[in-house]
Amino acid sequence: MGETWATLGVDLHLETGGDASRHGVRKGLTDALREAVRGGRLAPGTRLPSSRSLAVDLGIARNTVADAYADLVAEGWLTARQGSGTRVAEREVAPPVRPAPPRRTGGTPTYNLTPGSPDLASFPRAEWLKAARRALAGAPHSALGFADPRGRVELRTALAGYLARARGVHADPDRIVVTAGFVHALAVMGRVLRARGEREVTVESYGLDLHWNLLHHAGLRTVPLAHDALGTDVSGLGPGSAKAVLLTPAHQFPTGVPLHPDRRAAAVDWARCEGGVIIEDDYDGEFRYDRQSVGALQGLDPEHVVYLGTASKSLAPGLRLGWMVLPSGLHDEVLAEKEATGASCGALDQLTLAEFITSGAYDRHVRAARLRYRRRRDHLVETVAARAPEVRATGIAAGLHAVLQLPPGTERSIVQAANWERLAVHGLSGFRHPLATTPREDALVVGYGTPPEHAWAGALEALCRVLP
């Protein structure tokens, strides 16, 4: 990097200060260079601009720069050799002081079984790169201009076909809005609901506090529904309830229970009768193992369900790509709110995902991932049954996590023991809504999709060491 400073004329930003006299300018330049080296902004070995080019950049005399360089060479901050130019001296520079990260009781986790993430090491880099090259080669020049707030038409068209085929979603490209992930989509929906005069949203007893906090930030209260063996109890929806409800009907997060068919129908009937809106979080719809895929709730009534999907579980959360399939009555309001925030997704990533889907690479990746995660799930269930027979695995027919039911009163101590084993794992109580009335259960939520392949066996062994 140092060589390019002289050859390419890379800018060197300096606040010289000082008075306008030659002595004042020289002192200001010397102090600025010394501070840049002392603070680490100019790393050891960095080649500085020639005295001529820096003088031109700063609008001062060349001799002034040469004198400042000579002063710093004498002090040991710089070195000057014939043919090598002026460089920052090789010396120990104190790094900037940063606050120490909070200490964990058991140290930095060695293994990670937290839910919500796929195996990032299995991201299909080669296929994604091929899709990116094809997408960029075929992209119109207009794709690099200001973005359509709905998202690139290529991606919306690809998503409409895929969601209809794989998830039973009634999706027209004109009713799809691309977002920077699920969180962005939910934040936009929260602001739209508040602008409509809503003051609360009904949610499930278990979920992510991140999602509840987003709705609170939009000015909405969250009121939890009851939960039982059939999933979320939607009988709490009625004439006096909120006009919007957030559900994970295909695979309740984190309990793993799909919404019972009767309750799916009841939720849709409520939305029709009361003019309500169901916000459907289909976070891991692609991963089904022991049963037929549960179709999206949106297919029952596209005019009363807002379907939210994401590439975070199927590919990687770092892509920041999600989508909303909207009822006609909400489309314009959502689009206006999204435009007002100024948030958009990179056109090249959208074009790449569109190519990835239409080429069939996305389906191939999902099938391979489904097989890999199913093997892990089977390994988890078999190992826990053999090593900890008092623990029962539930919610395992789909998704990237399982719920391990623990003996009453043991969740807290087991999570603490996992911390000492340097194993990151969450208890079910951490996902319980503060106002939930559902009876408490002791359980662990184990994200078996999270570890890379080489760490899976070690993570499972660490888990078994802390189970009763």
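Residues numbered from 1 in each chain as written. Predicted model: local features only at pLDDT ≥ 70, side-chain atom pairs only at ≥ 80, totals over all residues. Heavy atoms only, no water.

### What to know about the pattern of salt bridges
For the structure on display, the rule yields 29 salt bridges. Note that Asp 31 and Lys 27 form a salt bridge whose closest N and O atoms lie 2.9 Å from each other. Residue Asp 31 and its partner Lys 27 are both found in helix 2 (residues 22-38); the two are separated by four residues, about one turn of the helix. Assessed through its relative accessible area of 31%, Asp 31 is described here as partly exposed. (Salt bridge = Lys/Arg side-chain N within 4 Å of Asp/Glu carboxyl O. Helix = DSSP H or I, 4+ residues; strand = E, 2+ residues; numbered from the N terminus. Buried < 20%, exposed > 50% of the residue type's maximum accessible area, 1.4 Å probe, protein only.)

### Let's talk about the confidence of the model for the chain
Of the residues in the chain, 93% have a pLDDT of 70 or more, and the chain-wide mean is 89. Counted against residues more than four places away or in other chains, residues 1-9, with its pLDDT under 50, gives 14 contacts. The low-confidence segment residues 93-105, where pLDDT is below 50, has ten contacts with residues more than four positions distant or belonging to other chains. (pLDDT = per-residue confidence, 0-100. Contact = heavy atoms within 4.5 Å.)

### Thoughts on the environment of Arg 440
You can see Arg 440 is positioned in the loop between strand 16 (426-427) and strand 17 (443-446). Of the residues examined, Arg 440 reaches a relative accessible area of 64% and is grouped as exposed.

### Let's talk about the environment of Ala 424
For Ala 424, the position within the fold is in strand 15 (residues 423-424). For Ala 424, a relative accessible area of 11% puts it in the buried group. Residues Ala 424 and Arg 392, spaced 32 residues apart in sequence, show a C-alpha to C-alpha distance of 20 Å. Not counting chain neighbours up to four residues away, the residues in contact with Ala 424 comprise Pro 109, Tyr 111, Asn 112, Leu 113 and Thr 114.

### Quick notes on the sheet that holds strand 17
One open sheet accounts for four strands, arranged 13-14-17-16; its pairing is antiparallel. Of all strands in the sheet, those with a lone pairing partner are strand 13 (392-394) and strand 16, marking the two edges. In the sheet, strand 13 pairs with strand 14 (residues 402-405) via three bridges, with the strands oriented antiparallel. Considered in strand 14, the bridge of Arg 392 is made with Gln 405. (Pairing = 2+ DSSP bridges.)

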